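# Commentary on secondary and tertiary structure
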Amino acid sequence: MVTQRVSLLTLGARNLPALRAFYQSLGWEETEFSSDQYAVFKTAGTLLSLFPIEELAKDAGIEISQSTETFHAVTFAINVENPEQVDSTIKEIREAGGKILREPSDAFWGGRTAYFADPENNLWEVAWNPSSVFDERGAMISF
């Protein structure tokens, strides 16, 4: 059986300094593993790393698309503890220069949600789900 765990998410960065600056402007803390060539941010339960896209593609043995407007077919989520946090989080992201794709709104499934893109068009959802359960570190363990 493959261990059922997501421990590190890596975004291939076209402009590492600019992408790093965006996540720093959100107030996210980097780990001691970060360097000039690699950034690693602490999140609840999973580390988020930024690595030059050319090096990531080379390591994986694949070609990369040159378009920065292409949907990557992946979204990330920041789940929050109450519906008001969706709105306040989107406000902070807007102030940090994030591109708001969908303003906060009530969802058909009973929660509240919004979407934004970072400077390299990685899509993020900010969501409140009334049935979400978080552990003591703030990692979501159920919804």
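Anyway, here's the lowdown on the structure attached to this text. Each chain has its residues counted from 1, following the order in which its sequence is written. Totals for whole chains, interfaces and linings use every residue, but because this is a predicted model, local features are given only for residues with pLDDT of at least 70 and side-chain atom pairs only at 80 or more, for both listing and counting. Water and hydrogen atoms were dropped before computing side-chain values, which therefore reflect all heavy atoms in the structure.

What counts as a salt bridge is simple: a side-chain nitrogen of Lys or Arg found within 4 Å of a carboxyl oxygen of Asp or Glu. Taken as a whole and judged by the stated rule, the model has seven salt bridges. A salt bridge links Arg-20 to Glu-30, with the nearest nitrogen and oxygen atoms 3.2 Å apart. Linking Arg-20 in helix H1 (residues 16-25) with Glu-30 in the loop between H1 and strand S2 (39-42), this pair joins segments that are ten residues apart in sequence. Classification of Arg-20 by relative accessible area gives buried; the value is 13%. With a closest N to O distance of 2.4 Å, Glu-103 and Arg-94 form a salt bridge. On the basis of relative accessible area, Arg-94 is assigned to the partly exposed category, the value being 40%. Secondary structure elements are defined from DSSP: runs of H or I of at least 4 residues count as helices, runs of E of at least 2 residues count as strands, and each element is numbered from the N terminus. For each residue, the accessible area found with a 1.4 Å probe, counting protein chains only, is set against the maximum for its type, and the residue is called buried under 20%, exposed over 50%, and partly exposed in between.

Looking at the element boundaries, Ala-21 is found in helix H1. Along the primary structure Ala-21 and Leu-123 are separated by 102 residues, whereas in three dimensions their C-alpha atoms are 17 Å apart.

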